[in-house]
2 protein chains.
Amino acid sequence: MQVMENLVRTTVGMSTNIVWHECSIGKLERQNLLMQKGCVIWITGFSGSGKSTLASMLNRQLHCRGHVSYVLDGDNLRHGLNKDLSFKAEDRAENICRVVAKLFADAGVICTASLISPYRRDRDACRALVPDSMFIEVFMDVPLKVCEERDPKGLYKLARAGKIKGFTGIDDPYEPPMDCEIVIQLKDGKYQTPKAMAEQVVTYLEENGYLKA
Amino acid sequence: MQVMENLVRTTVGMSTNIVWHECSIGKLERQNLLMQKGCVIWITGFSGSGKSTLASMLNRQLHCRGHVSYVLDGDNLRHGLNKDLSFKAEDRAENICRVVAKLFADAGVICTASLISPYRRDRDACRALVPDSMFIEVFMDVPLKVCEERDPKGLYKLARAGKIKGFTGIDDPYEPPMDCEIVIQLKDGKYQTPKAMAEQVVTYLEENGYLKA
């Protein structure tokens with residue numbers, strides 16, 4: 001039987017029999033088909049900082065322009081993964097999310113991941129996983145005080161009451177990015193509209209060549 | 001701030017604060033954009049039965065017709081996931097693969113998963129995870145003897161020598177599907193060409209409406 005794929009033998013940890021299948025259709029060919037460059041848009045920030053709202057609006061704006069995009073977040077990732085995962089297991093969702101986002105970007109999709117992802121080393125690990133310039137970090141630069149006032153899911157209240165342990169900003173640290181691609185800020189102390197936030201990201205994508213083959 | 005998404009509160013195991021984000025762009029809208037129906041094509045069979053070869057050729061044929069498709073297999077899934085995973089951890093890759101394939105199909109992509117996946121209950125669990133008719137099980141109906149003669153990665157030899165434990169077909173069972181969508185068989189005792197096998201799947205997709213919006 002004619003074997004259509006090139007097998008590139010690699011050594012991964014203890015396993016030497018794992019091979020990476022270089023499929024006959026590659027990233028560039030998918031890029032040309034979709035007329036866009038697959039990438040990971042990683043939105044980080046406190047709970048309540050507007051990550052999901054931005055992700056959702058960005059997805060809509062990209063779709064309306066004919067681009068193939070998809071949103072991953074801690075919530076839809078946990079569905080089906082492991083029904084016993086507690087909210088504390090956000091870090092496990094983040095771990096899976098990295099791999100999934102990488103695969104989506106490789107498939108040519110503009111993949112938006114929206115997770116608190118409080119630790120710099122974890123975000124950097126994700127950046128290291130995808131090829132250069134396929135990782136776009138977006139920081140929701142909203143002060144904790146503002147997020148806590150909003151508290152859309154009532155989680156800060158639970159965390160303050162000690163009913164959720166290890167909650168970012170309350171009894172667990174958040175490390176803001178030092179040098180990320182995009183910073184979303186408040187305007188006159190207030191949240192920008194979802195449309196304005198999404199446009200800031202779309203403009204970045206456009207100016208950096210992601211929205212063409 | 002205007003919240004653009006509908007939050008559907010669900011109870012998942014012990015966690016009641018997990019919400020499923022119903023993004024404003026839904027599956028149907030993605031289907032219309034891509035002019036295809038996202039689905040999971042799950043190829044199961046012995047090591048050496050031609051799963052990866054079929055997946056690769058199928059991917060090429062779909063791409064050439066302008067369809068957005070992607071191949072997941074035990075090998076590329078393990079890359080980046082956990083460098084210490086041994087070959088025995090095929091089942092863990094399978095576990096992750098289910099969730100990833102479901103997300104890809106939801107994103108509108110025709111996602112081909114190629115894994116040995118020897119247990120019926122695990123394949124059924126995957127089928128249960130995606131909505132009706134989005135799961136297409138393909139059985140590589142190749143006798144063990146033929147696969148072992150081919151032994152493209154030299155794994156049967158290692159398993160026979162006791163150097164790999166729990167190897168499907170040697171010291172671990174394979175449960176063939178009872179009622180799957182597609183069966184790929186030998187022709188006159190020989191492997192079909194990759195082209196012929198892929199065409200059988202493409203014909204199924206076409207006849208069942210997956211290749212249009």
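Residues numbered from 1 in each chain as written. Chains lettered and ligands numbered in written order. Predicted model: local features only at pLDDT ≥ 70, side-chain atom pairs only at ≥ 80, totals over all residues. Heavy atoms only, no water.

## Observations concerning the overall build of chain A
From N to C terminus, chain A includes 8 helices and 7 strands. Put simply, 74% of the contacts in chain A that link residues at least 6 apart link residues at least 24 apart. With an accessible surface of roughly 9300 Å², chain A has 50% of that area assigned to carbon and sulfur atoms. (Helix = DSSP H or I, 4+ residues; strand = E, 2+ residues; numbered from the N terminus. Contact = heavy atoms within 4.5 Å. Areas by Shrake-Rupley, 256 points an atom, 1.4 Å probe, with all protein chains shown as cover.)

## With respect to the sheet that holds strand β5 (residues 110-114) of chain B
Pairing between the strands of a sheet is mediated by backbone hydrogen bonds and can be parallel or antiparallel. Residues and elements named next belong to chain B. Taken together, 5 strands build an open sheet; the order of strands is β4-β5-β3-β6-β7 and the sheet is parallel. In this open sheet, the two edge strands, each paired with only one partner strand, are β4 (69-73) and β7 (182-185). Here the strands of the sheet are splayed against their neighbours by 20 degrees on average, with no regard to which way each runs. Of the pairings in the sheet, the one linking strand β6 (residues 135-141) to β7 comprises 4 bridges and is parallel in character. Bridge pairing links Val138 to Ile182 in β7. Across the sheet, helix α5 (residues 120-129) is in contact with β3 (39-44) and β6; its angle to β6 comes to roughly 155 degrees. (Pairing = 2+ DSSP bridges. Axes fitted to C-alpha atoms, helices over the stretch in contact; angles between N-to-C directions.)

## Considering the pattern of salt bridges
Residue and element names in this part refer to chain A. Inspection of the entire model under this criterion finds 20 salt bridges over all chains. Taking the shortest distance from any N to any O, the salt bridge between Asp122 and Arg98 comes out at 3.7 Å. Pair noted here: Asp122 is in helix α5 (residues 120-129) and Arg98 is in helix α4 (residues 90-106), with a separation of 24 residues, a long-range link. Look at Asp122 and you get buried, because its relative accessible area is 16%. In this structure, Glu181 engages Arg127 in a salt bridge whose closest nitrogen and oxygen atoms are separated by 2.9 Å. (Salt bridge = Lys/Arg side-chain N within 4 Å of Asp/Glu carboxyl O. Buried < 20%, exposed > 50% of the residue type's maximum accessible area, 1.4 Å probe, protein only.)

## Things to note about the packing of helix α2 (residues 51-64) of chain A against helix α1 (residues 27-34) of chain B
For any two helices packed against each other, the geometry comes down to the angle between their axes and how far apart the axes lie. Look at α2 of chain A against α1 of chain B: their axes get within 11 Å of each other, and the N-to-C directions meet at 25 degrees. Classified by the angle between their axes, α2 of chain A and α1 of chain B sit roughly parallel to one another. When the axes of α2 of chain A and α1 of chain B are compared, the crossing they make is left-handed. On the side of α2 of chain A, the interface is formed by Asn59, Arg60 and His63 of chain A, while α1 of chain B contributes Glu29, Arg30 and Leu33 of chain B. Of the residues contributing to the contact of α2 of chain A with α1 of chain B, the split by class is 1 nonpolar, 2 polar and 3 charged. (Parallel < 35°, antiparallel > 145°, perpendicular 65-115°, else oblique. Left-handed = near helix turned anticlockwise from the far one by under 90°. Nonpolar A, V, L, I, M, F, W, Y, C, P; charged D, E, K, R; others polar.)

## Digging into the confidence of the model for chain A
All names here are of chain A. In the predicted model, chain A carries a mean pLDDT of 85, and the fraction of residues at 70 or more is 82%. The low-confidence segment residues 1-23, where pLDDT is below 50, has 61 contacts with residues more than four positions distant or belonging to other chains. Taken as a whole, residues 83-87 scores under 50 in pLDDT and shows 14 contacts with residues more than four places along the chain or in a different chain. (pLDDT = per-residue confidence, 0-100.)

## Some thoughts on helix α8 (residues 194-207) of chain A
Residue and element names in this part refer to chain A. Taking 1.5 Å of rise per residue, the 14 residues of α8 would be expected to cover 20 Å, and the 20 Å separating its terminal C-alpha atoms lies within 8% of that figure. Lining the buried residues of α8 we find β3 (39-44), α2, β6 (135-141) and β7 (182-185). Gly209 lies just past α8 and shows a positive phi near 80 degrees. (Expected span 1.5 Å × (residues − 1).)

## Quick notes on the sheet that holds β3 of chain A
All names here are of chain A. Reading across from one edge, β4-β5-β3-β6-β7 is the order of the 5 strands in this open sheet, with parallel pairing throughout. Each having just a single partner strand, β4 (69-73) and β7 make up the two edges of the open sheet. Averaged over all neighbouring strand pairs, the angle between strand axes comes to 20 degrees, with direction disregarded. Sheet topology places β3 next to strand β5 (residues 110-114); 5 bridges connect them, and they run parallel.

## Some points on unusual backbone geometry
Excluding glycine, a negative phi dihedral is what most residues carry, and trans is how most peptide bonds are arranged. A positive phi angle, near 55 degrees, is found at Asp188 of chain A, a position not held by glycine. Mapping Asp188 of chain A onto the fold places it in the loop between β7 and α8. The exposure class of Asp188 of chain A is exposed, given its relative accessible area of 77%. Its identity as a non-glycine residue notwithstanding, Ser133 of chain B has a phi of 65 degrees, on the positive side. We classify Ser133 of chain B as exposed; its relative accessible area is 54%.

## Here we look at the nonpolar core
Of all hydrophobic cores here, the largest spans 50 residues; its most connected members are Leu72 and Phe104 of chain A together with Leu72 and Phe104 of chain B. Those elements giving two or more residues to this core turn out to be β3, β4, α4 and β5 of chain A together with β3, β4, α4 (90-106) and β5 of chain B. Residues in contact with Phe104 of chain A, not counting those within four places in the same chain, are Tyr70, Leu72, Val109 and Cys111 of chain A together with Leu103, Phe104 and Ala107 of chain B. (Core = buried A, V, L, I, M, F, W, Y, C linked by side-chain atoms within 4.5 Å.)

## A few points about the pairing of β5 of chain B
Residues and elements named next belong to chain B. With 5 of 5 residues buried, β5 is to be regarded as a mostly interior element. Burial along β5 is two-sided: the residues Ile110, Thr112 and Ser114 and Cys111 and Ala113 are all buried. The sheet contact formed by β4 and β5 spans 5 bridges and is parallel. Across the sheet, residue Leu72 finds its bridge partner in β5, namely Ala113.

## Here's the deal with helix α8 (residues 194-207) of chain B
All names here are of chain B. By the burial criterion, the buried members of α8 are Pro194, Met197, Ala198, Val201, Val202 and Leu205. Around the axis of α8, the buried residues are gathered within 135 degrees of arc, so they sit on the same side. Against the buried residues of α8 lie β3, α2 (51-64), β6 and β7. (Arc of directions from axis to C-beta.)

## Quick look at the packing of α2 of chain B against α8 of chain B
All names here are of chain B. Viewed as axis vectors pointing N to C, α2 and α8 meet at an angle of 60 degrees, and their least axial separation amounts to 8 Å. The orientation of α2 relative to α8 falls into the category oblique. Judged by the twist between their axes, the crossing of α2 over α8 is right-handed. Facing α2, whose interface residues are Thr53, Leu54, Met57, Leu58, Gln61 and Leu62, α8 presents Pro194, Lys195, Met197, Ala198, Glu199, Val201, Val202 and Leu205. When grouped by side-chain class, the residues that make up the contact of α2 with α8 number 10 nonpolar, 2 polar and 2 charged.

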